[in-house]
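# Examination of the molecular architecture
Next come the chains, spelled out residue by residue.
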Amino acid sequence: MFNIVLIEPDIPNNTGSIGRMCVNLGATLHLVKPLGFDISDKAVKRAGLDYWHKLDLKVWENKEEFFTSVDTNKIHLATTKTDKIYWNAKFEVDDYIIFGSETRGIDEAILKANFDRCITIPMGKEGRSLNLATSTGIVTYEALRQNFAKLKDFKQIKIDFKD
């Protein structure tokens, strides 16, 4: 399945929503420190995240550790600083779909070093950006759409249509 990466997320509710999406898709959630909130067992239970124990979660100490550990040919960097629309990207199973902090985005140096891997979500002229959880869902489900037949064949995605 896919790897969803949040670099230095600030808002726990966004990360909680993204974690729920990852559980439902069987995706891995990667959190790159520093985090703007506590993810200890006590904090997660207090927040009512009753699915968190089902989450395939990987926590990285910093950006350098993460980027030196993954294949950068398999990354997609979500940013407002490109014209390449996300649906024109070619997503593959096991790709890393990366999102930056809600307040700072992804470091400009990382974007410049991987500019051919940057993607964006089109927005109207009045908007500055979309909510992180919303953006993550939009891009991740496009990746699922592109790979749905492959994943369905391997029974990684359950579809149960009810009348």
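The structure contained in this document is the topic of the report that follows. (Residues numbered from 1 in each chain as written. Predicted model: local features only at pLDDT ≥ 70, side-chain atom pairs only at ≥ 80, totals over all residues. Heavy atoms only, no water.)

Residue P34 is reached from K33 by a cis peptide bond, and omega for that bond is 5 degrees. For P34, the position within the fold is in the loop between β2 (28-32) and α2 (41-46). With a phi close to 50 degrees, E8 is a non-glycine residue in the positive phi region. Summarising the element assignment, E8 is placed in the loop between β1 (3-7) and α1 (12-25). Even without glycine at this site, D94 takes up a positive phi of about 80 degrees. (Helix = DSSP H or I, 4+ residues; strand = E, 2+ residues; numbered from the N terminus.)

Now for the pairing of strand β4 (residues 75-78). The side-chain alternation of β4 yields two buried faces, one formed by I75 and L77 and the other by H76 and A78. One ladder, built from three bridges, connects β4 with strand β5 (residues 96-99); its direction is parallel. Looking at the pairing, L77 lines up with I98 of β5. Bridge count for β4 against strand β6 (residues 118-119) is two bridges, and the pairing is parallel. Paired with L77 across the two strands is C118, which belongs to β6. (Buried < 20%, exposed > 50% of the residue type's maximum accessible area, 1.4 Å probe, protein only. Pairing = 2+ DSSP bridges.)

Spatial ordering of the open sheet is given by β3-β2-β1-β5-β4-β6, a layout of six strands whose pairing is parallel. Two strands close off the open sheet at either side, each with one partner strand: β3 (56-60) and β6. On top of the sheet, α1 reaches β1 and β2; it is set at about 150 degrees to β2, its chief contact. (Contact = heavy atoms within 4.5 Å. Axes fitted to C-alpha atoms, helices over the stretch in contact; angles between N-to-C directions.)

On to the environment of H76, then. Mapping H76 onto the fold places it in strand β4. Residues H76 and V5, 71 residues apart in the sequence, show an inter-C-alpha distance of 9.8 Å. What H76 contacts, discounting residues up to four positions off in sequence, is A89, K90, F91, D95, Y96, I97, I98, R117 and I119. In terms of polar contacts, H76 uses its side chain to reach the side chain of D95, at 2.8 Å. (Polar contact = N/O pair within 3.5 Å; in protein donor to acceptor, adjacent residues only side chain to side chain.)

Here we take up α1. Between the first and last C-alpha of α1 there are 20 Å, a value that for 14 residues agrees with the 20 Å anticipated at 1.5 Å per step. Residues of α1 that are buried include every one of N14, T15, G16, I18, G19, M21, C22 and L25, and no others. Of the residues one or two after α1, G26 is the one with positive phi, at around 75 degrees. (Expected span 1.5 Å × (residues − 1).)

Right, let's get into the pattern of salt bridges. Following the criterion strictly, the structure yields 10 salt bridges and no others. Measuring nitrogen to oxygen at the nearest pair gives 3.2 Å for the salt bridge that ties K63 to E8. In this pair, K63 sits in helix α3 (residues 63-69) while E8 sits in the loop between β1 and α1, placing the two residues 55 residues apart along the sequence. Judged by relative accessible area, K63 falls into the buried class, the value being 14%. Salt-bridge contacts for K74 lead to D95; the nearest nitrogen and oxygen are separated by 3.2 Å. Of the two residues, K74 sits in the loop between α3 and β4 while D95 sits in the loop between β4 and β5, which places them 21 residues apart along the sequence. On the basis of relative accessibility, which here comes to 23%, the residue K74 falls in the partly exposed class. Here the salt bridges do not stand alone but share partners, grouping E8, D10, K63, R104 and D107 into one network. (Salt bridge = Lys/Arg side-chain N within 4 Å of Asp/Glu carboxyl O.)

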